[in-house]
Amino acid sequence: MLPYFNQDFGNPSSIHLYGRQARKAVDKARESTAKVLNAKFDEIFFTGGGTESDNWAIKGIAFANKNKGKHIITSSIEHHAVLYTCEYLEKMGFEVTYLPVDRYGMVDPQEVERAIRSDTILVSIMFANNEIGTIQPIKEIGAIAKSKDVYFHTDAVQAVGSVDIDVEDMNIDLLSLSGHKIYGPKGIGALYIRKGTKIVPLLHGGAQERNRRAGTENIPGIVGLGKAIELAHTNMEKNNKRLIGLRDRLINGIMNRIDHVLLNGHPNLRLPGNVNLSFEYIEGESLLLSLDMKGIAASSGSACTSGSLDPSHVLLAIGLSHEIAHGSLRITLGEDNTEEDVDYVLEVLPPIVQRLREMSPLFVQEKGGCQYV
Amino acid sequence: MYSDKVMDHFTNPRNVGELENPDGVGEVGNARCGDIMRIYLKVENDVIVDVKFKTFGCGAAIASSSMATELIKGKTIDEALLITNKAVTQALDGLPPVKLHCSVLAEEAIQKAINDYKEKQKNKVGA
């Protein structure tokens, strides 16, 4: 990827040698991306990232198909790139159904089927959730959308490189992905668009990306994404096996060492590196600060970490109370993490939780137990 | 994002705990919003001789509670009532704008604890 910043600086739209070299590099990345999804070469469109892909997919379908209908179906646990785009479309006169999820964060395909109306133009359900890691029954939902002749989009930003994806087998019409979630560069993503899909272009002003996303391509980003997706796919099985081992060691280790902890998300149908737990009686941000001081980078669904008054919409959607959602902790394990890292967390976390609980007015220690006061 | 003072008071909070038979208790906030602060006072001759707190909340909430208890310790109740959220924030070398409400909670917790003390005094005099 690096040579494309300063040595191979050609514009792929040019016919000279440098331009042709750049075109070749873009083509190769497009080929790699298509292969991983079992898509065709000309069904891959490079974008500025996952958020852009989601925006384009949903608005693009909505605006191009508004004569057919104005109804869109999505879920209540989508990324804000999907949810806020849907809210915007509601202001533009579209109707959106936000499907609920069960306590594991799972969408019921039968509910998708029941929600489809004669004027439904799009179903958009994420492949795997970014907070709690739950992997959705995408194949079932795809089959339903196909049988009802409704476009099916999935935000697969979290799933690519961790889950097997086959857009043909799963009947996916549009799929969003992002570079930096698979160890590629930031600021690059892609949208898969099935051939024949009626969608309006994202940007006007040039013939790039088959007239659908104008603007000179981000060549280093595209090359980086192509390589990243290729590597992620090649090593997926091996990486997943290792990550699932680490993940379950961490989850079980924490739950064995600390009382009053809940696992958020599905126990098995979850992303290999995703750990999301709620610690009763304490608030997530103070937990993050304490972990950060020990060199552990984590995140939380607490309101205090988002700058809003409400905790994570995903944690509320799976039925957690506000106070339990405020006490959530997400640890994402990746390629560089080791068993020693997991054991280090297991060593430093219990005293941190204990300290914060002792400070909390919600926590009353009794004979071997505790309760809300 | 936090000043060194905030981190210091978060890491080594002063006056954490509860008081037995406190002369005044004030609790503000709620778990729904992610912040609860409870302050306990021991008062002798209208002087706050001891103070403890318990807080469920973010780093700023814990640091604000700790700083607030430091600011009122040894003060008369009238002096303590003059302590504003601004004073708490300044003493912490500032708080991020989204966390200013934590210092407001600290001010309210102090006032509530002092009001509770005053109520209890009234009842004592009445009895």
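1. Section: unusual backbone geometry
All names here are of chain A.
Right, so step 1: Of note in the backbone geometry, asparagine 171 takes a positive phi value of approximately 55° without being a glycine.
Right, so step 2: Within the fold, asparagine 171 resides in the loop between strand E5 (151-155) and strand E6 (174-178).
Right, so step 3: Looking at asparagine 171, the relative accessible area reads 17%, which means it is buried.

2. Examining the packing of helix H10 (residues 284-293) of chain A against helix H2 (residues 59-72) of chain B
Right, so step 1: It is the contact of H10 of chain A with H2 of chain B, at a shortest axis distance of 7 Å, that shows an interaxial angle of 90°. By the angle between their directions, the pair H10 of chain A and H2 of chain B is classed as roughly perpendicular. Contact with H10 of chain A, carried on its side by Glu285, Ser286 and Leu289 of chain A, involves Gly59, Ala60 and Ile62 of chain B of H2 of chain B and no other residues of that element.
Right, so step 2: Tallied by class, the residues present in the contact of H10 of chain A with H2 of chain B amount to 3 nonpolar, 2 polar and 1 charged.

3. Remarks on the sheet that holds strand E8 (residues 261-263) of chain A
Residue and element names in this part refer to chain A.
Right, so step 1: Across the sheet, 3 strands lie side by side as E8-E9-E10; this open sheet has antiparallel pairing. Sheet topology places E8 and strand E10 (328-332) at the edges, where each strand pairs with a single neighbour. Adjacent strand axes in the sheet meet at a mean angle of 25° when their direction is disregarded.
Right, so step 2: As judged from the 3 bridges shared by E8 and strand E9 (residues 274-279), these two strands associate in the antiparallel manner. Bridge assignment links leucine 262 to a residue of E9, and that residue is serine 278.
Right, so step 3: Relative to E9, helix H9 (residues 236-257) is tilted by about 10°, and along the sheet it contacts E8, E9 and E10.

4. Digging into the nonpolar core
Right, so step 1: Leu250, Ile254, Phe279, Leu287 and Leu349 of chain A together with Leu41 of chain B are the most contacted members of the largest nonpolar core, which totals 63 residues.
Right, so step 2: The element best represented in this core is helix H14 (residues 339-359) of chain A, accounting for 9 residues.
Right, so step 3: With residues near it in sequence (within four places) discarded, phenylalanine 279 of chain A still touches Ile254, Ile258, His260, Val261, Leu287, Gly327, Leu329, Leu349, Val353 and Arg357 of chain A.
Right, so step 4: Counting 58 residues, the second largest nonpolar core, distinct from the first, contains Ile73, Ala145, Leu177 and Leu271 of chain A.

5. Focus: the layout of surface pockets
Residues and elements named next belong to chain A.
Right, so step 1: If you add up the space inside the largest pocket, you get close to 830 Å³.
Right, so step 2: Of all the secondary-structure elements, those providing two or more residues to the lining of the largest pocket are helix H3 (50-64), H9 and E10.
Right, so step 3: Per-class residue counts for the lining of the largest pocket are 15 nonpolar, 17 polar and 5 charged.

6. Focus: the pattern of salt bridges
Right, so step 1: Scanning the entire structure with this criterion turns up 20 salt bridges over all chains.
Right, so step 2: With a closest N to O distance of 2.8 Å, aspartate 8 of chain B and arginine 14 of chain B form a salt bridge.
Right, so step 3: Arginine 14 of chain B sits in the partly exposed class, given a relative accessible area of 25%.
Right, so step 4: Between lysine 120 of chain B and aspartate 116 of chain B there is a salt bridge; the shortest N-O distance is 3.1 Å. One end of the pair, lysine 120 of chain B, and the other, aspartate 116 of chain B, are both in helix H5 (residues 100-126), 4 residues apart, so they sit about a helical turn from each other.
Right, so step 5: Given a relative accessible area of 33%, lysine 120 of chain B falls into the partly exposed group.
Right, so step 6: Through salt bridges that share partners, Glu95, Arg117 and Asp119 of chain A make up one connected network.

7. A few points about the interface of chain B and chain A
Right, so step 1: Taken residue by residue, the interface counts 22 residues in chain B and 21 residues in chain A.
Right, so step 2: Summed over both sides, the interface between chain B and chain A buries roughly 1,900 Å², with carbon and sulfur atoms accounting for 67% of that surface.
Right, so step 3: Its largest share of buried area at the contact with chain A, chain B owes to Phe10, Arg32 and Phe56 of chain B, together 31% of the area lost on that side.
Right, so step 4: Along the contact surface separating chain B from chain A lie 1 salt bridge.
Right, so step 5: Where lysine 99 of chain B meets glutamate 285 of chain A, a salt bridge forms, and the shortest distance between an N and an O atom there is 2.8 Å.
Right, so step 6: Seen at the junction of chain B and chain A, the total is 12 residue pairs in polar contact (both at pLDDT 80 or more).
Right, so step 7: Contributions of two or more residues to the side of chain B that touches chain A are made by helix H1 (4-11), strand E2 (35-44), strand E3 (47-56) and H2 of chain B.
Right, so step 8: In the side of chain B that touches chain A, the residues fall into 13 nonpolar, 5 polar and 4 charged.

8. Remarks on the confidence of the model for chain A
Right, so step 1: For chain A, mean pLDDT is 94; residues scoring 70 or higher make up 96% of the total.
Right, so step 2: pLDDT under 50 marks residues 366-370 of chain A. Its contacts with residues more than four places away, or in other chains, come to 7 contacts.

9. Section: the confidence of the model for chain B
Right, so step 1: Of the residues in chain B, 98% reach a pLDDT of 70 or more, and the chain-wide mean stands at 94.
Right, so step 2: Under the prediction, the complex receives an ipTM of 0.92, its pTM being 0.92.

10. Notes on the side chain of asparagine 276 of chain A
Residues and elements named next belong to chain A.
Right, so step 1: Position of asparagine 276 among the secondary structure elements: in strand E9.
Right, so step 2: Residue asparagine 276 is classed as buried on the basis of its relative accessible area, which comes to 2%.
Right, so step 3: A polar contact is formed between the side chain of asparagine 276 and the backbone oxygen of glutamate 131, at a distance of 2.9 Å.

11. Observations regarding the sheet that holds strand E7 (residues 189-193) of chain A
Residue and element names in this part refer to chain A.
Right, so step 1: Within the open sheet, the 7 strands sit side by side as E1-E7-E6-E5-E4-E2-E3. Their pairing is mixed. In this open sheet, the two edge strands, each paired with only one partner strand, are strand E1 (44-47) and strand E3 (95-99). Strand-to-strand twist of the sheet, defined as the mean angle between neighbouring strand axes without regard to direction, takes the value 20°.
Right, so step 2: Two strands pair when backbone bridges link them, and E1 and E7 are joined in this way by 4 bridges, in the antiparallel orientation. Directly across from threonine 47, in E7, lies its bridge partner glycine 189.
Right, so step 3: The strands touched by helix H2 (residues 17-37) are E1, E6 and E7; relative to E1, the strand with the most contacts, the crossing angle is about 115°.
Right, so step 4: Strands in contact with helix H6 (residues 138-147) are strand E4 (120-124) and E5; relative to E5, the strand with the most contacts, it is inclined by about 155°.

12. With respect to helix H8 (residues 219-234) of chain A
Residues and elements named next belong to chain A.
Right, so step 1: Taking 1.5 Å of rise per residue, the 16 residues of H8 would be expected to cover 22 Å, and the 23 Å separating its terminal C-alpha atoms lies within 8% of that figure.
Right, so step 2: All buried positions along H8 are accounted for by Ile219, Pro220, Gly221, Ile222, Val223, Gly224, Leu225, Gly226, Ala228, Ile229 and Ala232.
Right, so step 3: Summarising the contacts, the buried residues of H8 are in contact with helix H1 (3-6), H2, E1, E6, E7 and H9.
Right, so step 4: Of the residues flanking the start of H8, the one acting as N-cap is asparagine 218, its side-chain oxygen 2.9 Å from the backbone nitrogen of glycine 221.

Cut-offs and rules
Residues numbered from 1 in each chain as written. Chains lettered and ligands numbered in written order. Predicted model: local features only at pLDDT ≥ 70, side-chain atom pairs only at ≥ 80, totals over all residues. Heavy atoms only, no water. Helix = DSSP H or I, 4+ residues; strand = E, 2+ residues; numbered from the N terminus. Buried < 20%, exposed > 50% of the residue type's maximum accessible area, 1.4 Å probe, protein only. Axes fitted to C-alpha atoms, helices over the stretch in contact; angles between N-to-C directions. Parallel < 35°, antiparallel > 145°, perpendicular 65-115°, else oblique. Contact = heavy atoms within 4.5 Å. Nonpolar A, V, L, I, M, F, W, Y, C, P; charged D, E, K, R; others polar. Pairing = 2+ DSSP bridges. Core = buried A, V, L, I, M, F, W, Y, C linked by side-chain atoms within 4.5 Å. 1 Å grid on protein atoms, 1.4 Å probe; cavity = no way out; pocket = protein on both sides within 12 Å on 5 of 7 lines; lining within 4 Å. Points joined across faces, edges and corners; volume = space filled by probe spheres on them. Salt bridge = Lys/Arg side-chain N within 4 Å of Asp/Glu carboxyl O. Buried area = accessible area lost by both parts, 1.4 Å probe. Polar contact = N/O pair within 3.5 Å; in protein donor to acceptor, adjacent residues only side chain to side chain. pLDDT = per-residue confidence, 0-100. Expected span 1.5 Å × (residues − 1).

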